[in-house]
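Structural overview for review
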Amino acid sequence: YFIQSNLRAKAAMIIKEVIMNDTQLEGSDKVVKRFENFDTFYESLSSTHTTTDSTADTYLGSILIVCMVVGIPGNLVSLVYFAKQARSGSRTVYDLLYSLTSSTDLCTLITALGPVSVLLGQTDRAPGVFSSPAFCSAWTVAFYFVTRFSLFVVMVISVCRTVAIRSPFHVINKVAVLCSCIGYAAWILAKDAFFIGMGAVSIMSHSDWASCIFTYKPGLGVAYVGFVAVELIVVTLIILANFLLCCYSLLTTPTQSTALAERFRRVSRTIAIFTSLCLACALPVVLLLILTLERVDMSHEVLKYFRFLSYVFLVILNAALNPVVYMMLMPSYRQWMRNNAKRCAGSGRSDDEIGGDQKECDEMAMKEKTDKVQL
């Protein structure tokens, strides 16, 4: 009961006092023999700080720094591009959803500063900045909000693409899509605020995660865990189902020679790769959640790292890789980047060259608008 309530230190003190005191428990010698390695058992209960490999932590922290260096500028540029597209007359529902994804990815990469400071700290995963209760609480609420919300946005993108594949002439209501995203964001914040306010959920730093986590108590806390588990599992399964349908359509639909059909296929391929990347980073979280619900012993060193990799590392890595996917698979995004790079270097070029680039950009924008209307 105490262990499931995350009151491990208190449980350990009570157990040790009872076992070591003959007046409180008859036959304590028999009990002690069953716990020959009791000191190790006691330490594992009374502490949320575990020993880790400093070399592995250094590598993980360095990779997260690279993710931040690449991902923060990349998501800023992506946000500007998709926001401009969403405000233009040729906007599509995907521009709106990619804008939300870029925003949440940017926030995710900013929150990576906390785990990086722990992994690269001088002591063995000391809490560092997470020792401050205010910072720990703010970081946890923000990180797990953007994690769940970005997964939901990916689900909406995959559902919209499946609808477009199955019913090409169906017009997706952008207002309904936006309202669903706003509603889900409000649900996440309201749920967390309610359970934290009721004392069913608390926040604590833990070295296995190199950050702070939500901990729950019996009763309402179990209900909170149930809500989160259902959300993550259901959303991930919906993404997986739509990903498989999209792949099936790409493999079975005959290739057509028209430009519009090729563009339609390219958009589907881009979204399939985008969702597959999200699935690769989300499925370990679902697996770990199932293992936790099944009360699997997570004390093994490999499983300790699996916690951090699934809950924190892969989420940040996914946020950093998304701009790379945009650059590699979206020709209009690459062209927009080239045109802006030419404008930045335009001070050393002639007016005719700059005018020619502007004309090319305008023509491509007009063609993009026409294609999107037809698409």
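Treat the numbers as computed from the prediction; the structure is a model and nothing was measured.

Among covalent bonds in proteins, the disulfide is the one between the sulfur atoms of two cysteines. Under the counting rule described, the total for this entry stands at one disulfide. A sulfur-sulfur distance of 1.8 Å marks the disulfide that ties Cys 136 to Cys 212. The sign of the S-S torsion, about -130°, decides the handedness of the disulfide formed by Cys 136 and Cys 212: left-handed. Note that Cys 136 is positioned in helix α7 (residues 133-166) and Cys 212 in strand β2 (residues 211-216), a separation of 76 residues in sequence. With respect to class, Cys 136 is no different from Cys 212; both count as buried. Free of any disulfide, Cys 160 has its nearest neighbouring cysteine sulfur in Cys 181, separated by 8.4 Å.

We now examine the packing of aromatic side chains. Within this structure, the stated rule accounts for 25 aromatic pairs. On the basis of an interplanar angle of 80° and a centroid distance of 5.2 Å, the ring pair of Phe 194 and Phe 195 is categorised as edge-to-face. By relative accessible area, which is 4% here, Phe 195 ends up buried. Summarising the aromatic geometry, the rings of Trp 209 and Tyr 311 are spaced 6.2 Å apart at their centres and angled 55° between planes, so their arrangement reads as tilted.

With that settled, the discussion passes to the pairing of strand β1 (residues 201-206). Two elements, β1 and β2, share six bridges in a ladder whose sense is antiparallel. Residue Ile 203 lies in a different strand from β2, and its bridge partner there is Phe 214. From the end of β1 to the start of β2, which pair antiparallel, there are four residues, and Ala 210 there has a positive phi angle of about 55°.

In this section: the environment of Leu 245. Within the fold, Leu 245 resides in helix α9 (residues 220-252). Using a relative accessible area of 36% as the deciding quantity, one classes Leu 245 as partly exposed. Separated by 83 residues in the primary sequence, Leu 245 and Thr 162 have C-alpha atoms spaced 7.0 Å apart. Beyond its immediate chain neighbours, meaning those up to four positions away, Leu 245 contacts Thr 162 and Arg 166.

Basis of the calculations
Residues numbered from 1 in each chain as written. Predicted model: local features only at pLDDT ≥ 70, side-chain atom pairs only at ≥ 80, totals over all residues. Heavy atoms only, no water. Disulfide = S-S within 2.5 Å. Helix = DSSP H or I, 4+ residues; strand = E, 2+ residues; numbered from the N terminus. Buried < 20%, exposed > 50% of the residue type's maximum accessible area, 1.4 Å probe, protein only. Phe/Tyr/Trp six-rings, centres within 6.5 Å; stacked < 30°, edge-to-face > 60°. Pairing = 2+ DSSP bridges. Contact = heavy atoms within 4.5 Å.

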